[in-house]
Amino acid sequence: MQLPEDFIRETRLLMGEDRFNRFLGAFDEEAPVSIRINPRYSRSEECGVWSEKCSEAESAPESNLTPHSSLLTPQIKVPWCPEGFYLSGRPQFTFDPLFHAGCYYVQEAASMFVTHILRAVANSSLFTLHSSLNVLDLCAAPGGKSTAMRTVLPEGSILVSNEPNPTRAQILLENITKWGWPDCIVTNNYPRDFRKAKAKFDLILCDVPCSGEGMFRKDPQAISEWSLQSVEKCWRLQREIVADAWECLNPGGLLIYSTCTFNIKEDEENVRWILDTYDAEPLTIPTDPSWNITGSLLPGFDAPVYRFIPGITRSEGLFVCVLRKFGGTEVRRYGGARYDYRQMKGLSILVPPLHHTPVPPTIDLPYSDALKYLRGEALVLPPGTPQGIVTVTYKGVPLGPVKNIGSRANNLYPKPWRIKTTHLPSEPVVIICKP
């Protein structure tokens, strides 16, 4: 894999020879594959199948779903995320019905660090786990960090997941819907639209568009699109996004700034700009030395920042900093008034399709029929199945609705979500299973 010469020169100077050589060595290795299990689902001991326990979703610290042993490098968890697991290879997730049902999310391990941030902040008494928060993920597609945050947010919180690009916003809507947690709203707006609407939040994640250096190992296209000019364009855009977000942040609120790139213009220099421009305080997030997270690489700048570098951390590239907004002489405590963003004027709200709301009766499908359902095919349900709307499940987990008319059941699975391939496996693809 040929990296751009400008990138090699700049990054070697930034990281130093030893760290840079370790980073280069990662390109000779397979990128790690990791999943994050949805605590919304847990195992029924009585019947030995998967069942949904919505009432326990808010308080469950981690799921008792366990990845299949044959896909693990033996039982290695992502250390900064209790729900995260490394797999020993990349299976065909498309052919696992539980993936489509939202039982787990395929996510790069470093991106799961957002769950550690929220848990660490909660434990630092900045807010209590009983406070409800108004939260905005400003650049959220495809939804990995949004689903991760919703898993650990306090009960009663509202999460607004936004994506400016209409096509990517539909992918975000699908993933948020399948994740299945309450009080999630998907929007399709530019950051400035939230400022114009005078929307206010206690927590804003700015996972800003960037030059994508941290994606080089697993996305060759990111290499071909990189240039020094793109870095210049990105850091300017990132500041525009932060400026809009800062206006929407409540006094005492938190801004999580993150990129998937390495250079200091988009990382440390932007954080320094935030500190120089706004009344902000960077927060220290406790980490374990064994995680091998790298701090600031900007000489003379020692604010707490967290950089994940392939070859040093078991992940792809990520940069994160957490900043708190002051207001006047007081720091506002978390847990503001709860309100419905659907009533706000000037914002584009995307409505999810009919899915993930189990309607009795339910019929559990074998593996082959579950794949047929996910392809959008009509099904023939067992004799005696009531006519009308029926929820089909796989291993007890809802996949979606059908309309049973007796001779067949018409498929109501949303068309954009359907499996396109015609070559289906005969044996089940098992990613997660009983302990």
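Residues numbered from 1 in each chain as written. Predicted model: local features only at pLDDT ≥ 70, side-chain atom pairs only at ≥ 80, totals over all residues. Heavy atoms only, no water.

1. Here's the deal with the packing of aromatic side chains
In this structure the tally under the stated criterion is 20 aromatic pairs. Between phenylalanine 23 and phenylalanine 27, the ring centres sit 5.2 Å apart and the planes meet at 85 degrees, which makes this aromatic pair edge-to-face. For the pair shown, phenylalanine 23 and phenylalanine 27 are each scored as buried. For the ring pair tryptophan 273 and tyrosine 278, a centre distance of 5.7 Å and an interplane angle of 90 degrees mean the geometry is edge-to-face. Grouping residues by exposure puts tryptophan 273 and tyrosine 278 together as buried. Among the aromatic side chains, those forming a connected cluster through ring pairs are Phe7, Phe20, Phe23, Phe27, Phe216, Trp226 and Phe262. A cation sits over an aromatic face here: arginine 192 above tyrosine 190, 4.7 Å from the ring centre. Sitting over the ring of tyrosine 86, arginine 314 keeps its end group 4.2 Å from the ring centre. (Phe/Tyr/Trp six-rings, centres within 6.5 Å; stacked < 30°, edge-to-face > 60°. Buried < 20%, exposed > 50% of the residue type's maximum accessible area, 1.4 Å probe, protein only. Lys NZ or Arg CZ within 6 Å of the ring centre and 35° of its normal.)

2. Here we look at the confidence of the model for the chain
Mean pLDDT over the chain stands at 88; residues scoring 70 or higher make up 88%. Low pLDDT (under 50) marks residues 43-62, which in the prediction has 41 contacts with non-local residues, meaning those over four places away or in another chain. Low confidence marks residues 328-337, where pLDDT is under 50. Its contacts with residues over four positions away, or in another chain, come to 24 contacts. (pLDDT = per-residue confidence, 0-100. Contact = heavy atoms within 4.5 Å.)

3. As for the pairing of strand β11 (residues 201-207)
Most of β11 is tucked away: seven of the seven residues are buried. Where strand β8 (residues 134-137) lies against β11, three bridges are found, and the strand directions are parallel. The partner of leucine 136 across the bridge, within β11, is isoleucine 204. Here six bridges tie β11 to strand β12 (residues 249-259), and the two strands are oriented parallel to one another. Bridged to aspartate 207 within β12 is serine 258. (Helix = DSSP H or I, 4+ residues; strand = E, 2+ residues; numbered from the N terminus. Pairing = 2+ DSSP bridges.)

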